[in-house]
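# Overview (structure and organization)
This is what each chain is made of:
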Amino acid sequence: MYETTLLKTGLDFTEASVYETLLKTGPITAGKLTKETPFKRGLVYKTLDDLEVKGLVTKEDRGDQPMLFHPAHPLKLKDLANQREQEIRDAKLALEGTLPQLASEYNLSVGKPGVQFFEGKDGVKKVLADSLTAQSTIYSYTDIEAIVTHIKEMNEWYVKEREKREIKKKGLLIDTPFARKYLQNYHQDITDTKLFKTEATNFESIMQIYDQKISYVTLGKKSMIGVIIENKAIYEIHKYIFEYIWKLTPTLQETLSGKSGNTTF
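Let us look at the structure shown here. Keep in mind it's a predicted model, so treat the numbers as computed, not measured.

### Remarks on the packing of aromatic side chains
The full count for this structure, using the stated rule, is four aromatic pairs. Each ring, one from tyrosine 139 and one from phenylalanine 242, has its centre 4.5 Å from the other, and the planes form 10 degrees; the classification is stacked. Linking tyrosine 139 in strand S5 (residues 138–142) with phenylalanine 242 in helix H10 (residues 232–248), this pair joins segments that are 103 residues apart in sequence. What makes phenylalanine 242 buried here is its relative accessible area of 1%. Here the aromatic rings of phenylalanine 242 and tryptophan 246 are separated by 5.8 Å at their centres, their planes lie at 20 degrees, and the arrangement is stacked. A residue pair is termed a helical-turn pair when its members lie 3 or 4 positions apart in one helix, as phenylalanine 242 and tryptophan 246 do in helix H10 at four residues.

Here it is in structure tokens:
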């Protein structure tokens, strides 16, 4: 009668059936309980042991008389459901940590690009966090003014985490007065930055290239989205283009000192 509900708390079919029978009979011996269920004696004993572990059954030792089994109050089911809910949350967190690796294995075996899409600030943070697993130098095209305007605190968190993990980065920024002022006091310990001239003044986005992945983040006022594409061919072409532009672009010191004309793209 209540099996469907009991199953949702984490009990299997046999456990649900035995516990419901116990609720109807009250304290009972295993032998008598067997007669009340369609299960064999051995399975009933095993199920009673499993229910005891879950706190739904208690045993009463009566000396020379057969053991008596008592059902726990149904409120115990709420504790069981809460525990199941916590286990599901833990499983989701564990999956988030291993999903990129699992997706990578899948992509390598079938040759399909893996694409993940995220929305909002939380989505942007997930995309940035993914690059914190990078095993090689991150290549990045960045609109620093948009970052400071829209995700300043998030970026500060990201930089601290990247420094803690000693993940190096090469960044290409559009040469603007804002970018020049920002970079004057910017630490270059694990970040090598260059400025390049272009007709665009800003693009309100971030693109990162790392570990056979390309990630994009948009930082518009109305909406923010993040995309991660994992594919070796796509990664290789963007990596090559970035390295080509990087090679042609003067160092930050040369640009800020005015000793270089700064390549225009």
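### Concerning the pattern of salt bridges
This structure, assessed with the given rule, holds 13 salt bridges. A salt bridge links arginine 165 to glutamate 161, with the nearest nitrogen and oxygen atoms 3.4 Å apart. In this structure glutamate 161 comes out as buried when scored by relative accessible area, which is 15%. Taking the shortest distance from any N to any O, the salt bridge between lysine 197 and aspartate 175 comes out at 3.6 Å. Of this pair, lysine 197 sits in the loop between strand S7 (191–196) and strand S8 (205–210) while aspartate 175 sits in the loop between strand S6 (169–174) and helix H9 (177–184); the two residues are 22 residues apart in sequence, bridging distant segments of the chain. For lysine 197, a relative accessible area of 33% corresponds to the partly exposed category. Accessibility expressed as a relative area gives 12% for aspartate 175, which makes it buried.

### A closer look at the sheet that holds S7
Spatial ordering of the open sheet is given by S4-S10-S9-S8-S5-S6-S7, a layout of seven strands whose pairing is mixed. Edge positions in the sheet fall to strand S4 (114–119) and S7, since each has one partner strand and no second. Taking the axes of each pair of neighbouring strands and ignoring which way they run, one obtains an average angle of 15 degrees across the sheet. Across five bridges, strand S9 (residues 213–218) lies against strand S10 (residues 225–230) in antiparallel orientation. From the neighbouring strand, serine 215 faces S10, where its bridge partner is isoleucine 228. Against the sheet, H9 touches S6 and S7, its axis set at about 155 degrees to S7. Contacting S5, S6, S7, S8, S9 and S10, H10 crosses the sheet at an angle of about 70 degrees to S5.

### Regarding a nonpolar patch on the surface
A surface patch of nonpolar side chains, amounting to about 520 Å² of accessible area, comprises Ile237, Tyr240, Ile241, Tyr244 and Leu248. For tyrosine 244, the location among the structural elements is in helix H10. Residue class for tyrosine 244 comes out partly exposed when judged on its relative accessible area of 46%.

### Things to note about helix H8 (residues 152–164)
A rise of 1.5 Å per residue sets the reference length of H8, with its 13 residues, at 18 Å; its end C-alpha atoms lie 18 Å apart and thus fit the reference within 8%. Those residues of H8 not exposed but buried are Met154, Asn155, Tyr158, Val159, Glu161 and Arg162. End-on view of H8: buried residues confined to an arc of 165 degrees, all on one side of the axis. In H8, the exposed residues that point more than 90 degrees away from the buried face are Glu153, Lys160 and Lys164.

Analysis parameters
- Residues numbered from 1 in each chain as written.
- Predicted model: local features only at pLDDT ≥ 70, side-chain atom pairs only at ≥ 80, totals over all residues.
- Heavy atoms only, no water.
- Phe/Tyr/Trp six-rings, centres within 6.5 Å; stacked < 30°, edge-to-face > 60°.
- Helix = DSSP H or I, 4+ residues; strand = E, 2+ residues; numbered from the N terminus.
- Buried < 20%, exposed > 50% of the residue type's maximum accessible area, 1.4 Å probe, protein only.
- Salt bridge = Lys/Arg side-chain N within 4 Å of Asp/Glu carboxyl O.
- Pairing = 2+ DSSP bridges.
- Axes fitted to C-alpha atoms, helices over the stretch in contact; angles between N-to-C directions.
- Contact = heavy atoms within 4.5 Å.
- Patch = residues over 30% accessible without salt bridge, like charges linked within 9 Å, V, L, I, M, F, W, Y side chains within 5 Å.
- Areas by Shrake-Rupley, 256 points an atom, 1.4 Å probe, with all protein chains shown as cover.
- Expected span 1.5 Å × (residues − 1).
- Arc of directions from axis to C-beta.

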